[in-house]
Amino acid sequence: MMPDAPLFPVRATALAGEIDQLFWTAVGIAGFFSVLIALLLFYFGMRYRRRHPDEVGSSTEHGSKATTALEIGWSVIPLGILIFLFAWGLRIYFDVARPPSDAAEFFVVGKQWMWKVQHPEGRREINELHVPLGRPIKLTMTSEDVIHSFFVPAFRIKQDVLPGRYTTLWFKADRAGSYHLFCAEFCGAEHSRMIGRVVVMEPHDYQSWLAGGPSGPSVVSSGAELFVDRACHTCHRPDSAARAPNLEGLVGRSVRLQDGRTIIADDAYVRESILLPQAKIVAGYQPIMPTFTGQLDEENLIQLISYIKGLGASGTGRGAGSPAPAAAQAGAPQGGMR
Ligand code: CUA
């Protein structure tokens, strides 16, 4: 582990340490060659300076063994250094970009000018994010209005938060404390005040914090309620009376569309199908679904998608037409949220 450098934010994840090592290695290499080149410039300037007014320089022969070796050297050595830095950076990028499969999914909605967070268990907060130490946390983020950017310097992570799309970030904090959260994309008059904090707590402190707050329904059971409330279950059902595709096990599966295309059903597809049902009609179905644009906010959409993701995931064959038992199991660890 590297020592904390002055003027640098503390490191609260293992990944932050690796990112800093790469950063300082790149700075070190650049610094070494900058100094070397400056010194050589000075040395050659002195060594080969003109000594008489009528002195003429001698030309170097191109293609001699010595110059060829020199040219190969100054091409291959920098190439090697750059490939080394690239490969190292790529490995870190893959770590940053791929959340572990056991990460707990939290939801973040950016809005002029605040961060709204929902825990999988249902607890909500604004401009604060409480997380347990040592547990991988995946953030699924979207915006209600303009582009924001979720930036936690102590974790060395930053990701734009876009309207109409889902982006993700993940981290595993290994140091308890309170860390700055910034919006890092200019988003309007009060962008500079769109700040908050991430509080990393010991797991038992986190549990008592969760228990101490107002307890609402979990994200998945809120989604189950909406599913019934908006009468989704009257058409999306597993039995023969279904007028719309059965949603069990949908997310992650490939779907064949009316126009012959095959797509993978991901969060963005489910979101689009709720808001713009006519955009992608599943083969064999009529375009009869009404749009829900303007009737569901981003948090409702997240809840519905989480619920739909959990359908069939527990392997008990619970249908979309029977959301009540699914709502009951939503708080249990085998739900689709973990
Ligand atoms: Cu949100 Cu800047």
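Residues numbered from 1 in each chain as written. Predicted model: local features only at pLDDT ≥ 70, side-chain atom pairs only at ≥ 80, totals over all residues. Heavy atoms only, no water.

**Focus on the domain arrangement of the protein**
Then, in step 1: On domain assignment, one finds that the protein holds domain 1 (104-212) and domain 2 (219-329).
Then, in step 2: Placing the centre of domain 1 and that of domain 2 at their C-alpha centroids yields a distance of 27 Å.
Then, in step 3: If you look at the interface, domain 1 gives 14 residues, while domain 2 gives twelve residues.
Then, in step 4: For the pair domain 1 and domain 2, the summed buried area comes to about 1,100 Å², and 53% of that belongs to carbon and sulfur atoms.
Then, in step 5: Among the residues domain 1 hides against domain 2, the three largest losses belong to Phe107, Gln118 and Tyr166. Together they make up 45% of the total.
Then, in step 6: For lysine 309, the salt bridge is made with glutamate 105, and the minimal N-O distance between the two is 3.8 Å.
Then, in step 7: Scanning the region where domain 1 abuts domain 2 turns up four residue pairs in polar contact (both at pLDDT 80 or more). (Domains from an automatic or database assignment. Contact = heavy atoms within 4.5 Å. Buried area = accessible area lost by both parts, 1.4 Å probe. Salt bridge = Lys/Arg side-chain N within 4 Å of Asp/Glu carboxyl O. Polar contact = N/O pair within 3.5 Å; in protein donor to acceptor, adjacent residues only side chain to side chain.)

**Description of the packing of aromatic side chains**
Then, in step 1: Applying the stated criterion to the full structure yields 14 aromatic pairs.
Then, in step 2: Ring plane angle 35° and centroid distance 5.9 Å describe the contact between phenylalanine 44 and tyrosine 48, whose orientation is recorded as tilted.
Then, in step 3: Each residue in the set Phe8, Phe23 and Trp24 is aromatic and connected to the rest through ring pairs, giving one cluster.
Then, in step 4: Taking NZ or CZ as reference, arginine 123 lies 3.9 Å from the ring centre of tryptophan 209, over its face. (Phe/Tyr/Trp six-rings, centres within 6.5 Å; stacked < 30°, edge-to-face > 60°. Lys NZ or Arg CZ within 6 Å of the ring centre and 35° of its normal.)

**Section: unusual backbone geometry**
What you tend to see is this: most non-glycine residues have negative phi, and most peptide bonds are trans.
Then, in step 1: For the peptide bond that leads from glutamine 112 to tryptophan 113, omega is -5°, which places it in the cis range.
Then, in step 2: Its place among the elements puts tryptophan 113 in the loop between β1 (104-111) and β2 (114-118).
Then, in step 3: Notably, asparagine 127 is not glycine yet its phi reads approximately 60°, a positive angle.
Then, in step 4: Positionally, asparagine 127 belongs in the loop between β3 (124-126) and β4 (128-132).
Then, in step 5: Phi is positive for arginine 156, which is not a glycine, with a value near 55°.
Then, in step 6: Here arginine 156 lies in the loop between β6 (148-152) and β7 (157-161).
Then, in step 7: Residue arginine 156 is classed as buried on the basis of its relative accessible area, which comes to 16%. (Helix = DSSP H or I, 4+ residues; strand = E, 2+ residues; numbered from the N terminus. Buried < 20%, exposed > 50% of the residue type's maximum accessible area, 1.4 Å probe, protein only.)

**Remarks on the pattern of salt bridges**
Then, in step 1: Applying the stated rule across the entire model yields 14 salt bridges.
Then, in step 2: Between aspartate 20 and arginine 156 there is a salt bridge, and its shortest N-O distance comes to 2.7 Å. Of this pair, aspartate 20 sits in helix α1 (residues 14-47) while arginine 156 sits in the loop between β6 and β7, placing them 136 residues apart in sequence. Across the pair, exposure class does not vary: aspartate 20 and arginine 156 are buried alike.
Then, in step 3: Across the pair lysine 116 and glutamate 299 runs a salt bridge whose closest N-O atoms are separated by 3.0 Å. With a gap of 183 residues between them, lysine 116 in strand β2 and glutamate 299 in helix α7 (residues 298-310) connect regions that are remote in the sequence.
Then, in step 4: With a relative accessible area of 14%, lysine 116 lands in the buried category.
Then, in step 5: One connected set of salt bridges, linked through shared partners, spans Lys116, Arg124, Glu144 and Glu299.

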